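What the coordinates show
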2 protein chains.
Amino acid sequence: MVELKPIRHIAIIGTGVIGASWTALFLAKGLEVTATDVAPNAEATLKKFVDNAWPALQRLGLSPNASRSNLKFTGDLARAVAGAQLVQENGPERIDFKQKLYGQLDELLPADVMIASSSSGLTMSEIQLGARSHPERCVIAHPFNPPHLIPLVEIVGGAKTSEETIRRAEEFYTSIGQRTVRLNKEMPGHVANRLQAALLREVYYLVAEGVVSAADVDTALSWGPGLRWGVMGALMLNHLGGGPGGIEHFVQQFAGPVTAWWKTLGAPVLTPEVQKKLIDSVHAEVGSRTIDELAAERDEVLLGLIELRTKRSETVAPHSVAAD
Amino acid sequence: MVELKPIRHIAIIGTGVIGASWTALFLAKGLEVTATDVAPNAEATLKKFVDNAWPALQRLGLSPNASRSNLKFTGDLARAVAGAQLVQENGPERIDFKQKLYGQLDELLPADVMIASSSSGLTMSEIQLGARSHPERCVIAHPFNPPHLIPLVEIVGGAKTSEETIRRAEEFYTSIGQRTVRLNKEMPGHVANRLQAALLREVYYLVAEGVVSAADVDTALSWGPGLRWGVMGALMLNHLGGGPGGIEHFVQQFAGPVTAWWKTLGAPVLTPEVQKKLIDSVHAEVGSRTIDELAAERDEVLLGLIELRTKRSETVAPHSVAAD
């Protein structure tokens, strides 16, 4: 087996919100980034994003070589990917666009350079049809926005992706502190967006039916089960919810009520009337608070929670650090 | 209107996990509690629960008069409720049992004493049929377990519950620092359990289908959307997800993809084979960690998160404190 070069230099294709957030993260981890985008003012917008993100990244801890001066920008695709060991692609979610792009990348790049797509809506089996020579090095590495704060990366290959590529992707994102999950099958929305959609469906239903206000359903989530999902996954919580009998006892005791509730869950249709009801109720909840104030509140608590969780997992699981 | 006595003394009926946790919370808030239960060793079990819960309650902040010596226990229902201004009922979830109990309570108690049920599975419209004289003072005040740590209380009246009772319930639980939501209609599972059931359905589906392991679906939730739901409600997050355009822009841009994912969400059947798959995958995730170790990890991070959230809401929303 050929010895692979370590990933030190990353090409970012597409510097919208996701690409910009990846850029900030990679710079904070001490990596070199060359970014490209065709949008007017893309370079200035990207640099502003990175500057705004930097204080949070400093708080979460910069790697020894982290520097914003490790960012280069070019409007030219070939120059952007030259010398990169990884391409993180964040282009528009159109299959014709992506297939053409992957064809170009496949020709431009040596066979051992991994191409990772942030796509949430397309499958790698479709996308990699564009990469005729080396489709095996193409993989989905889907972040949960914004990746410079939220550590989740969902990894899933297409029909032609090699096991080696998946392993390298898991290894790389884990090495910079992200939390990877591996999908064994391609699924619309991967995992996290599906979980979110499942929850939102019932949230929208309860407000649409007039059961609760937006403010109250948000309180019920974020001061109820959401507090626990910020701490631990649902299945682990089921295990603890079973008491000394663990998950076996939980399934025995709660499969009945839970499946009975499933039968009554809503399937709302987002008609213009329902959309208006949701929007009006959200505005009543928001009141006079600006989006900037609320976003600052979200990010402040989010950073504190990530610090808490990271500290805790370092304390209780030294073996998992050693295994990295 | 008759001047109502402030709630200083609470009767707890049923001291299983929920009743014991309410007891600990009320004592920490400086209230007097008389508890009753027919189970053998109920008194000793309750006192042990309160002792175990006390350090966490100290950390979250005791009220000036908080004392574990404000707890009395009796095996006699009439003695338990004598002198109480509120009864918090946590009996078995059987309608015949509850209706009979509410009949007894209705005869024992002056008309101005509120009776709050922790029921998750029954409706107050059914339960209060037992209280022939004063059904209007009966209300559901459903906690999210364990109430001494998780502040959510879901409040919903039955057909005969008075608006005054609902107002008093909201006022009381808010006054001791809980977060109340009001349901305008009775719904199976109220709000929080429905949200949980909606999410669990997709979690179970993805593991049952072999898309991800239990460990990976837990990572995807708790390092992805769960992190944000520990911070803020889903609709407020939608509002912020819309950028400067807020919830209107979010609905415009994401209603399409979200509703498309809805069509692909799973509806698993918990056959013995599926249950075994879930259980085995959870055990692979748990490894050698004991339930006590995991529960300690959960509670440590949970307390930290509640402290973060409480501090933040006191900082940014002094008006809401003044309005209490």
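A few points on the structure. The numbering scheme is per chain: residues are counted from 1 as the chain's sequence reads. Whichever chain is written first is A, and whichever ligand is written first is 1; the rest continue in order. Confidence filtering applies because this is a predicted model: local features only for residues at pLDDT of at least 70, side-chain atom pairs given and counted only at 80 or more, and all residues used for totals across whole chains, interfaces and linings. In computing side-chain properties, one takes all heavy atoms of the structure into account and sets aside hydrogens as well as water.

1. Considerations on the overall build of chain A
A count of helices and strands for chain A gives 14 helices and eight strands. Accessible area is worked out with a 1.4 Å probe on protein chains only. A residue is then buried under 20% of its type maximum, exposed over 50%, and partly exposed in between. By the burial criterion, 56% of the 324 residues in chain A qualify as buried. Looking at chain A alone, contacts between residues at least 24 apart form 71% of all its contacts between residues at least 6 apart. The accessible surface values rely on the Shrake-Rupley method and a 1.4 Å probe; as for residues, cover is taken only from the protein chains in view. Put simply, chain A shows about 13500 Å² of open surface, and 54% of that area lies on carbon and sulfur atoms. Charge convention: Lys and Arg are scored as positive, Asp and Glu as negative, and His as well as the terminal groups of each chain are ignored. Where a charge sits is defined by one atom per residue type, namely NZ (Lys), CZ (Arg), CG (Asp) or CD (Glu). Across chain A, the 31 positively charged side chains and the 36 negatively charged ones have centroids separated by 2 Å. Helix and strand definitions here come from DSSP, where helices need a minimum of 4 consecutive H or I residues and strands a minimum of 2 consecutive E residues; each element is numbered from the N-terminal end. In what follows, residue pairs with any heavy atoms lying within 4.5 Å of each other are defined as contacts.

2. Digging into the relation of the copies chain B and chain A
To superpose the copies, least squares is applied to the C-alpha atoms of every residue with a pLDDT of at least 70 in both. It takes a turn of 180° to lay chain B on chain A, together with a shift of 0.0 Å along the axis; the resulting RMSD is 0.0 Å. A rotation of that kind, with that shift, is consistent with a two-fold axis. Rotation axis and chain B: the residue whose C-alpha lies nearest the axis is Gly-230 of chain B, separated from it by 2.2 Å. Counting the interface residues of chain B, we find that 100% of their copies in chain A are interface residues as well, pointing to one common contact surface.

3. Notes on helix H7 (residues 192-208) of chain A
All names here are of chain A. In this scheme, a helix's expected span is set at 1.5 Å multiplied by one less than its residue total. For H7, which comprises 17 residues, the first-to-last C-alpha distance of 24 Å matches the rise-based estimate of 24 Å (1.5 Å per residue) to within 8%. Counting buried positions along H7 gives 17 out of 17 residues, so the element sits mostly inside the fold. Gly-210 occupies a position one or two residues after H7 and carries a positive phi of about 75°.

4. A look at the packing of H7 of chain A against helix H7 (residues 192-208) of chain B
For helices, the fitted axis covers only the stretch in contact; all axes are lines through C-alpha atoms, and the angles between them, taken along N-to-C directions, range from 0 to 180 degrees. Contact geometry of H7 of chain A with H7 of chain B gives a least axis separation of 9 Å together with a crossing angle of 150°. In this view, H7 of chain A runs roughly antiparallel relative to H7 of chain B, as classed from their interaxial angle. Handedness of the crossing formed by H7 of chain A with H7 of chain B: right-handed. Two secondary-structure elements touch here, H7 of chain A through Arg-194, Leu-195, Ala-198, Leu-199, Arg-201, Glu-202, Val-203, Tyr-205 and Leu-206 of chain A and H7 of chain B through Arg-194, Leu-195, Ala-198, Leu-199, Arg-201, Glu-202, Val-203, Tyr-205 and Leu-206 of chain B. Residue type decides the class: Asp, Glu, Lys and Arg count as charged, Ala, Val, Leu, Ile, Met, Phe, Trp, Tyr, Cys and Pro as nonpolar, and the leftover types, Gly among them, as polar. Split by residue class, the contact of H7 of chain A with H7 of chain B holds 12 nonpolar, no polar and six charged. Here the angle decides the label: under 35 degrees means roughly parallel, over 145 means roughly antiparallel, 65 to 115 means roughly perpendicular, and every other value means oblique. Whether a crossing is left-handed or right-handed is set by the direction in which the near helix is turned from the far one by less than a right angle, anticlockwise for left-handed and clockwise for right-handed.

5. Observations concerning the sheet that holds strand E2 (residues 32-36) of chain B
Residues and elements named next belong to chain B. Pairing between strands requires that DSSP locate at least two bridges from one strand to the other. In spatial order, the strands read E3-E2-E1-E4-E5-E6-E7-E8; together these eight strands make up an open sheet with mixed pairing. The open sheet has two edge strands with one neighbour each: strand E3 (71-73) and strand E8 (179-182). Strand-to-strand twist in this sheet, taken as the mean axis angle between neighbours without regard to direction, amounts to 25°. Taken together, the five bridges between strand E6 (residues 138-143) and strand E7 (residues 152-157) define a ladder with antiparallel strand orientation. Bridge assignment links Ala-141 to a residue of E7, and that residue is Ile-155. Across the face of the sheet, helix H2 (residues 42-60) comes into contact with E2 and E3 while running at roughly 160° to E3.

6. Description of the packing of aromatic side chains
The rule is short: rings of Phe, Tyr and Trp, with Trp giving its six-membered ring, pair when the centres are within 6.5 Å, and they are stacked under 30 degrees, edge-to-face over 60, tilted in between. In this structure the tally under the stated criterion is 13 aromatic pairs over all chains. Aromatic pair Phe-26 of chain B and Phe-172 of chain B: ring centres 6.0 Å apart, planes at 50°, arrangement tilted. Here the residue Phe-26 of chain B occupies a position in helix H1 (residues 17-28), and Phe-172 of chain B occupies one in helix H6 (residues 163-175), the gap between them amounting to 146 residues. Phe-26 of chain B gets classed as buried once you look at its relative accessible area, which sits at 0%. Look at Phe-172 of chain B and you get buried, because its relative accessible area is 6%. Relative to Tyr-173 of chain B, the ring of Phe-172 of chain B has its centre 5.0 Å away and its plane inclined at 70°; by these criteria the two rings are edge-to-face. By the criterion adopted, a ring carries a charge over it if an Arg CZ or a Lys NZ lies within 6 Å of its centre and within 35 degrees of its normal. In this structure, Arg-179 of chain A packs its charged tip against the face of Trp-223 of chain B, placed 4.0 Å from the ring centre.

7. Thoughts on the interface of chain B and chain A
Listed as interface residues are 107 residues of chain B and, on the opposing side, 107 residues of chain A. By definition, the buried area sums, over both parts, the 1.4 Å-probe accessible area that each loses when the two are put together. At the boundary of chain B with chain A, total buried surface from both sides reaches about 10300 Å², with 74% on carbon and sulfur atoms. When the buried surface of chain B facing chain A is broken down by residue, Trp-223, Leu-235 and Trp-262 of chain B rank first, second and third, together holding 8% of it. A pairing counts as a salt bridge when a side-chain nitrogen of Lys or Arg comes within 4 Å of a carboxyl oxygen of Asp or Glu. On inspection of chain B and its partner chain A, the count reaches two salt bridges. Linking Arg-194 of chain B and Glu-202 of chain A is a salt bridge whose minimum nitrogen-to-oxygen distance equals 2.7 Å. Within 3.5 Å is the distance limit for a polar contact, defined as a pair of N or O atoms, with the added protein rule that one can donate a hydrogen and the other accept it, and that residues adjacent in sequence qualify only through two side-chain atoms. Between the two partners, chain B and chain A, sit 30 residue pairs in polar contact (both at pLDDT 80 or more). At 17 residues, helix H13 (residues 291-316) of chain B tops the list of elements feeding residues into the side of chain B that touches chain A. Grouping the constituent residues of the side of chain B that touches chain A by class yields 63 nonpolar, 25 polar and 19 charged.

8. Structural notes on helix H12 (residues 272-286) of chain A
Residues and elements named next belong to chain A. Here H12 spans 21 Å end to end across 15 residues, near enough to the 21 Å set by a 1.5 Å rise per residue. All buried positions along H12 are accounted for by Val-274, Leu-278, Ile-279, Ser-281, Val-282, Glu-285 and Val-286. The arc that holds every buried residue of H12, seen down its axis, measures 165°, which confines them to one face. Every exposed residue of H12 that faces more than 90 degrees away from the buried side is listed here: Pro-272, Glu-273, Lys-276 and Ala-284. At the C-terminal side of H12, Gly-287 shows a positive phi close to 60°. Each direction from the helix axis to a C-beta atom contributes to the arc, which is the arc of those directions.

9. Observations concerning the side chain of Thr-161 of chain B
Residues and elements named next belong to chain B. By the secondary structure assignment, Thr-161 is in the loop between E7 and H6. Among the polar contacts listed, one links the side chain of Thr-161 to the side chain of Gln-128, at a separation of 3.1 Å. A distance of 2.7 Å separates a polar atom in the side chain of Thr-161 from the backbone nitrogen of Gly-158. Once residues within four sequence positions are removed from consideration, Thr-161 is found in contact with Met-124, Gln-128, Pro-135, Glu-136, Cys-138, Val-139 and Ile-166.

10. Focus on the pattern of salt bridges
All names here are of chain B. This model, assessed by the stated rule, comprises 28 salt bridges over all chains. The closest approach of N and O atoms between Glu-300 and Arg-59, which form a salt bridge, is 3.5 Å. Of the two residues, Glu-300 sits in helix H13 while Arg-59 sits in helix H2, which places them 241 residues apart along the sequence. Given the relative accessible area of 34%, Glu-300 is considered partly exposed. Overall, the relative accessible area of 35% leaves Arg-59 in the partly exposed class. Notably, a salt bridge pairs Lys-98 with Glu-89, separated by 2.6 Å at the nearest N-O pair.

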